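Commentary on secondary and tertiary structure
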Amino acid sequence: MTQLGLPEEIVACLFDLDGVVTKTAVVHAAAWKETFDAFLREREGERFRPFEQADYDEYVDGLPRADGVRSFLASRGIELPEGDPGDPPDAPTVNGLGNRKNDLVLAKIRAGGVEAYDGTLRYIEAVREQGLRTAIVSSSANCRDVLRAIGAEDLFDVRIDGVVAAERHLPGKPHPDTFLAAAQDLGTDAAHSAVFEDALAGMDAGRAGRFGYVVGVDRVGQAEALSAHGADRVVKDLADLGGRA
């Protein structure tokens, strides 16, 4: 292992955004809860079963927005029409619910700003100083704006986000396609790339893509689940890996 805590053969590092680089995972979870609780309350009345953190972790975290809607609703035995990507946020469709969540998360980000994990930023700087290439891989369509908000856009050689994935028709996590595209854009392959993720869907993507090393970042006390889903190592913060973080 190198001083960065990575196998010697790793030449590229692929970082998830929410929960790894930025503290926006909690904002996304809150927006999903507000969206789904309002939907369920309207559908089932005050005796509805609320959206919980466990639902976020299992059905939503790390997935593209519409996939997250479908996944959670299926867990409750609910089907909605797909609708259209331009559906208004009050439309009773998969896209409408997704757009309602997106409006909420943008409002929360604007109200509270975006914070970065300092240990992650220092680790990425150390990675780049050692000559490794870096990519940000996120299902968020707001990825670029978030990176600009924290002054971190220049820390990544490649960006594969929700916008790029849609343009290239890449399926989102737990499929490995977005990570594989990032590695290819960096001029390497999965075997020589490390994935850094906090979501179980991201772990599944790392395992499915046969990446050289998969690091699970445990922000919410799910270390065992991250390992079970394919993490080679689980850390509380990337500072734990080494470098000068």
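Residues numbered from 1 in each chain as written. Predicted model: local features only at pLDDT ≥ 70, side-chain atom pairs only at ≥ 80, totals over all residues. Heavy atoms only, no water.

The next subject is helix H1 (residues 25–44). With 20 residues, H1 extends 28 Å between its outermost C-alpha atoms, agreeing within 8% with the 28 Å of an ideal straight helix rising 1.5 Å per residue. Within the span of H1, buried status applies to Ala25, Val27, His28, Ala29, Ala31, Trp32, Thr35, Phe36, Asp37, Phe39 and Leu40. Two residues or fewer after H1 comes glycine 45, characterised by a positive phi angle close to 85°. (Helix = DSSP H or I, 4+ residues; strand = E, 2+ residues; numbered from the N terminus. Expected span 1.5 Å × (residues − 1). Buried < 20%, exposed > 50% of the residue type's maximum accessible area, 1.4 Å probe, protein only.)

Before going further, it helps to spend a moment on the packing of aromatic side chains. Within the structure shown, the criterion is met by eight aromatic pairs. Summarising the aromatic geometry, the rings of phenylalanine 36 and phenylalanine 51 are spaced 5.2 Å apart at their centres and angled 40° between planes, so their arrangement reads as tilted. One end of the pair, phenylalanine 36, is in helix H1; the other, phenylalanine 51, is in the loop between H1 and helix H2 (53–60), with 15 residues separating them in the sequence. According to the relative accessible area criterion, phenylalanine 51 is buried, its value standing at 2%. Centre to centre, the rings of phenylalanine 51 and phenylalanine 72 are 4.9 Å apart; their planes meet at 80°, and the pair counts as edge-to-face. Placement of the pair is phenylalanine 51 in the loop between H1 and H2 and phenylalanine 72 in helix H3 (residues 65–75), with a sequence separation of 21 residues. (Phe/Tyr/Trp six-rings, centres within 6.5 Å; stacked < 30°, edge-to-face > 60°.)

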